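Take a look at the letters that make up each chain.
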Amino acid sequence: MIVSTLKRLSWALLLLAIQVLILDQVHPWGYGAPLLCPLIIITLPLGTSRSEALLWGFGVGFVADIFAGTSGISSAALTLIAFIQPPLLQLMAPRDSEEELRPSFSAMGRWNYLQFIALLLILHHLVYFALEGFSYFHIEDIAISMGVSYAASLLLIILVEHVRNPKK
Amino acid sequence: MSDFIERITAYVHWALFLLLEALSGFLLFQYNHYQGSVWFTQANTAAAKVHEWEAVALSYLRMPAENAALVRRNIALQQQLDVMRHELALAKVDTSMTQKALEHQLEGMTLIPAQIIDNSVRKRDNMLVINAGSEEGVAPEMGVVNGTGIVGIVSAVTPHHALVMSILHSRSSISCRLRGTEYFGYLKWKGGKPLRAYMDDVPRHAHIKKGDAVETSGFSAVFPAGIFLGKVAEINNSSDGLAYELEILLSTDLANIRHVNVIADQRKEELDSLLAQ
């Protein structure tokens, strides 16, 4: 229990560090940068209680917000997907999966996991960019920002998941 | 009874969800009042320290580009100086007047050098963090400039860091004028490209052409008059059709700056108290 929590914590810290130190400094043509933080919530294992997932979502978002100067935006978006992740995982995980299944390509099947990621990520991005551009003049700019960031985030997450890909 | 409690606990995550979303909303709202607490921003001590280490590491990588820009700037200034000298030599009027005016303008102003340790240009409301704070003499509402133009206005300070509202911020509004004329307006950023800002309220009878220089007006106490902001790129009608709205190509590329200066104007308090009356 403690070991798995520590593992998850260091995983979260690693992704947060990549987000804050590298990705937040990338501005592809001035448009949205990739967001890696949602992966922390996406990979919460099966059987995580919904309240625990919510605390993870808010906590990760809070730290990401402080370092990026986006108070409240990441925490709102990540709390939302943390609310949806447990039941969605229950729905999409294979019926015969073990109790603490950690979502991955090998555990859930390539296509299934890709859908799982894409769905949670689009929800996250919709909330994130809606809140960020609350009083946006150029609605097309925010749409482009969201599109660019979504594509970049999705590619990056798929890449990270392929590198990580545990056998179990 | 136990059935009742069970039913309640089964829905506790709903309550937690709403609570955390409300908390996020509160933070979002709180942050919009950017003069408020700096503790939930990237200027708080812990976050600023991390960004500072990162900035030091990155500054080595960016040094060549920064150097090249400084050299270019230096050459441009030298050329300008040369032209000015030539003009002054030709001018028959008493040149000590010009000198006096310049000295008067910069009188009582000190420039506090600082480095940017955190920056963004991709958001709707962009903020920067610099590594100079109240101990170095930085205070809220001071102007921040670099060699090529204006960067922003200090919005909050901690002892060794300051949070700066970038000109790429929805609330940023810089009083400016067309160089060589008295037509003034406000420079605003509407999102999107970090080099594209707008100057509104320019009267329709003003003679403007593309390429005209835009500079600070000096009407506010934040920036002295005559700091270059950028050039007119497009001349459009304002939404109400009563004035021009100029699209300005900014001279400062905020996506690529490191060294800045904070303008500490000792006469600012005087002017502020006058404006407040």
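Report follows, based on the coordinates.

Cut-off values and rules
- Residues numbered from 1 in each chain as written.
- Chains lettered and ligands numbered in written order.
- Predicted model: local features only at pLDDT ≥ 70, side-chain atom pairs only at ≥ 80, totals over all residues.
- Heavy atoms only, no water.
- Helix = DSSP H or I, 4+ residues; strand = E, 2+ residues; numbered from the N terminus.
- Buried < 20%, exposed > 50% of the residue type's maximum accessible area, 1.4 Å probe, protein only.
- Contact = heavy atoms within 4.5 Å.
- Phe/Tyr/Trp six-rings, centres within 6.5 Å; stacked < 30°, edge-to-face > 60°.
- Pairing = 2+ DSSP bridges.
- Axes fitted to C-alpha atoms, helices over the stretch in contact; angles between N-to-C directions.
- Buried area = accessible area lost by both parts, 1.4 Å probe.
- Salt bridge = Lys/Arg side-chain N within 4 Å of Asp/Glu carboxyl O.
- Polar contact = N/O pair within 3.5 Å; in protein donor to acceptor, adjacent residues only side chain to side chain.
- Nonpolar A, V, L, I, M, F, W, Y, C, P; charged D, E, K, R; others polar.

Each helix and strand in chain B was counted, giving five helices and twelve strands. Taking all 277 residues of chain B together, 43% fall into the buried category. Within chain B, residue pairs in contact and separated by at least 24 positions form 60% of the contacts whose partners lie at least 6 positions apart.

Once that is clear, we can look at the packing of aromatic side chains. In this structure the tally under the stated criterion is seven aromatic pairs over all chains. For the ring pair Phe83 of chain A and Phe17 of chain B, a centre distance of 4.0 Å and an interplane angle of 15 degrees mean the geometry is stacked. Remark: Phe17 of chain B occurs in helix H2 (residues 12-32) and Phe83 of chain A occurs in helix H4 (residues 73-92); the pair is interchain, linking two chains. A single burial state applies to Phe83 of chain A and to Phe17 of chain B, both of which are buried.

Glancing now at the sheet that holds strand S7 (residues 184-188) of chain B. All names here are of chain B. Spatial ordering of the closed barrel is given by S6-S7-S8-S11-S10-S9, a layout of six strands whose pairing is antiparallel. Shown here is a sheet whose adjacent strand axes are inclined to one another by a mean of 40 degrees, direction ignored. Pairing between strand S9 (residues 213-216) and strand S10 (residues 228-237): three bridges, direction antiparallel. In the sheet register, Ala213 faces S10, and the bridge partner there is Lys231.

What follows covers the pairing of S7 of chain B. Residues and elements named next belong to chain B. Relative to S7, strand S6 (residues 174-178) is paired through four bridges, and the arrangement is antiparallel. Looking across to S7, one finds that Ile174 is bridged to Leu187. Remark: five residues form the turn of the hairpin made by S6 and S7, two consecutive strands paired antiparallel; Gly180 in that turn has positive phi of roughly 85 degrees. Inspection of the sheet shows S7 paired to strand S8 (residues 196-203) by three bridges, in the antiparallel sense. Paired with Tyr186 across the strands is Asp200, a residue of S8.

Time to look at the interface of chain A and chain B. Between chain A and chain B, the contact holds 38 residues from the first and 32 residues from the second. Surface buried jointly by chain A and chain B totals about 3400 Å² across both partners, of which 61% is contributed by carbon and sulfur atoms. Linking chain A with chain B are zero salt bridges. Here chain A and chain B share five residue pairs in polar contact (both at pLDDT 80 or more) between them. Here the side of chain A that touches chain B takes nine residues from helix H3 (residues 50-68) of chain A, the largest share from any one element. Across the side of chain A that touches chain B, the residue classes tally to 21 nonpolar, 13 polar and four charged.

Relative to strand S11 (residues 243-250) of chain B, S8 of chain B runs antiparallel, the two being bridged by six bridges. Residue pairing across strands places Tyr198 of chain B opposite Glu247 of chain B, the latter belonging to S11 of chain B.

Moving on, we come to the pattern of salt bridges. Residues and elements named next belong to chain B. According to the stated counting rule, one finds eight salt bridges over all chains in the structure shown. A salt bridge links Glu245 to Lys190; its shortest N-O distance comes to 2.5 Å. Of the two residues, Glu245 is situated in strand S11 and Lys190 in the loop between S7 and S8; the sequence distance between them amounts to 55 residues. Accessibility classification places Glu245 together with Lys190 in one group, the buried group. One network of salt bridges, with partners in common, ties together Arg177, Arg179 and Glu215.

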